[in-house]
Amino acid sequence: MSAQADDLLTNIGEDTFTKEAYFPTLIFSTKVPNPEALNRHLLQQIRTIHNQDEKGIFRSNFRGLGGWHSKNFLHQQPAFDPLTQRIHQAGRRISETLGYDHRKTLKVTTMWSIINPPGSSNKVHVHPGCYWSGVYYIQTPENAGDIEFTDRRTVHIMNQPSFKPDQKRSQENWTKVRFVPRPGKMIIFPSWLYHGVDPNLCEQQGADADRVIISFNLSQVKA
């Protein structure tokens, strides 16, 4: 390096260094306090629907492994109003947080239940035709199957840099994130975000071993 280049490098002060975050992927969550009574009520309603329509419909669930998926209109049934209204409350908080047009509101457009007995799971998928999607956990025995979200930017999965060994990566460098299901917890995420559910590895027997959830989609409608 020439003396002139060295002088330009060392004698003009420290460069500024700024970190800015754009295009973040937001995941919201809520927790119902003391959810036992609500979940008992929801579970009873879901079991009744299941008994009336054991075949259900096929979506992301593996029917051959025992997974069951209800029809998509549970939000239209008064019995599910206690949960539907909580979802709408969360939708209002999302709208306020993100500065959405106050003349529109996030409303449930489809809502369904999934029962995953031991051995069943849900393949990775997205939810087209809506803005936000979510899951509410009703019955989640131990090892019932985590939900996993995957970075939608393929380059971060196929071509990762090396990181410091024996040190946890910063959250900005994660390519996957997992949530352990807990009764009363609700997770709301962008509908385009890839997600799937691990197999239910619960060792219990009978209906208590089932992983039972309600999923839903949210879209903007006129307030």
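## Points about the packing of aromatic side chains
Across all of its chains, the model carries four aromatic pairs by this definition. Here the aromatic rings of phenylalanine 28 and tryptophan 132 are separated by 5.5 Å at their centres, their planes lie at 65°, and the arrangement is edge-to-face. Highlighted residues: phenylalanine 28 in strand β1 (residues 28-31) and tryptophan 132 in strand β5 (residues 132-139), separated in sequence by 104 residues. Grouping aromatic residues by their ring pairs yields a cluster made of Phe149, Phe179 and Phe189.

## A few points about the sheet that holds strand β2 (residues 68-69)
Strand order in the open sheet made by the six strands is β1-β8-β5-β10-β3-β2, with antiparallel pairing throughout. Whereas interior strands pair on both sides, the edge strands pair on one side only; in this sheet they are β1 and β2. Both β5 and strand β8 (residues 185-190) contribute to a ladder of five bridges, which runs antiparallel. Bridged to glycine 134 within β8 is isoleucine 188. Along the sheet, helix α3 (residues 81-98) contacts β1, β3 (104-116), β5, β8 and β10 (211-222); its crossing angle with β3, the most-contacted strand, is approximately 130°.

## Remarks on the sheet that holds strand β9 (residues 194-197)
Judged by pairing direction, the sheet is antiparallel, and its four strands sit side by side in the order β4-β9-β6-β7 without closing on themselves. Of all strands in the sheet, those with a lone pairing partner are β4 (122-125) and β7 (176-179), marking the two edges. Strand-to-strand twist across the sheet, computed as the mean angle between neighbouring axes with direction ignored, equals 15°. Sheet topology places strand β6 (residues 147-150) next to β9; four bridges connect them, and they run antiparallel. By the bridge assignment, threonine 150 is partnered in β9 with tyrosine 194.

## Structural notes on the pattern of salt bridges
For the structure on display, the rule yields 10 salt bridges. A salt bridge links glutamate 148 to lysine 176; the shortest N-O distance between them is 3.8 Å. Of the two residues, glutamate 148 sits in strand β6 while lysine 176 sits in strand β7, which places them 28 residues apart along the sequence. Judged by relative accessible area, glutamate 148 falls into the buried class, the value being 16%. A salt bridge links arginine 178 to aspartate 198; the shortest N-O distance between them is 2.0 Å. Of the two residues, arginine 178 is situated in strand β7 and aspartate 198 in the loop between β9 and β10; the sequence distance between them amounts to 20 residues. Here arginine 178 falls in the partly exposed class, since its relative accessible area comes to 40%.

## Comments concerning α3
Quick reminder: α-helices carry 3.6 residues per turn. Residues three or four places apart thus point the same way. For α3, built from 18 residues, the straight-helix expectation of 26 Å at 1.5 Å per residue is met to within 8% by its first-to-last C-alpha distance of 25 Å. Along α3, the residues that are buried comprise Leu83, Thr84, Ile87, His88, Ala90, Gly91, Ile94 and Ser95. Angularly, the buried residues of α3 cover 160° about the axis, an arc narrow enough to put them on a single face. Within α3, the exposed residues directed more than 90 degrees away from the buried face are Arg93, Glu96 and Thr97.

Rules and cut-offs
- Residues numbered from 1 in each chain as written.
- Predicted model: local features only at pLDDT ≥ 70, side-chain atom pairs only at ≥ 80, totals over all residues.
- Heavy atoms only, no water.
- Phe/Tyr/Trp six-rings, centres within 6.5 Å; stacked < 30°, edge-to-face > 60°.
- Helix = DSSP H or I, 4+ residues; strand = E, 2+ residues; numbered from the N terminus.
- Pairing = 2+ DSSP bridges.
- Contact = heavy atoms within 4.5 Å.
- Axes fitted to C-alpha atoms, helices over the stretch in contact; angles between N-to-C directions.
- Salt bridge = Lys/Arg side-chain N within 4 Å of Asp/Glu carboxyl O.
- Buried < 20%, exposed > 50% of the residue type's maximum accessible area, 1.4 Å probe, protein only.
- Expected span 1.5 Å × (residues − 1).
- Arc of directions from axis to C-beta.

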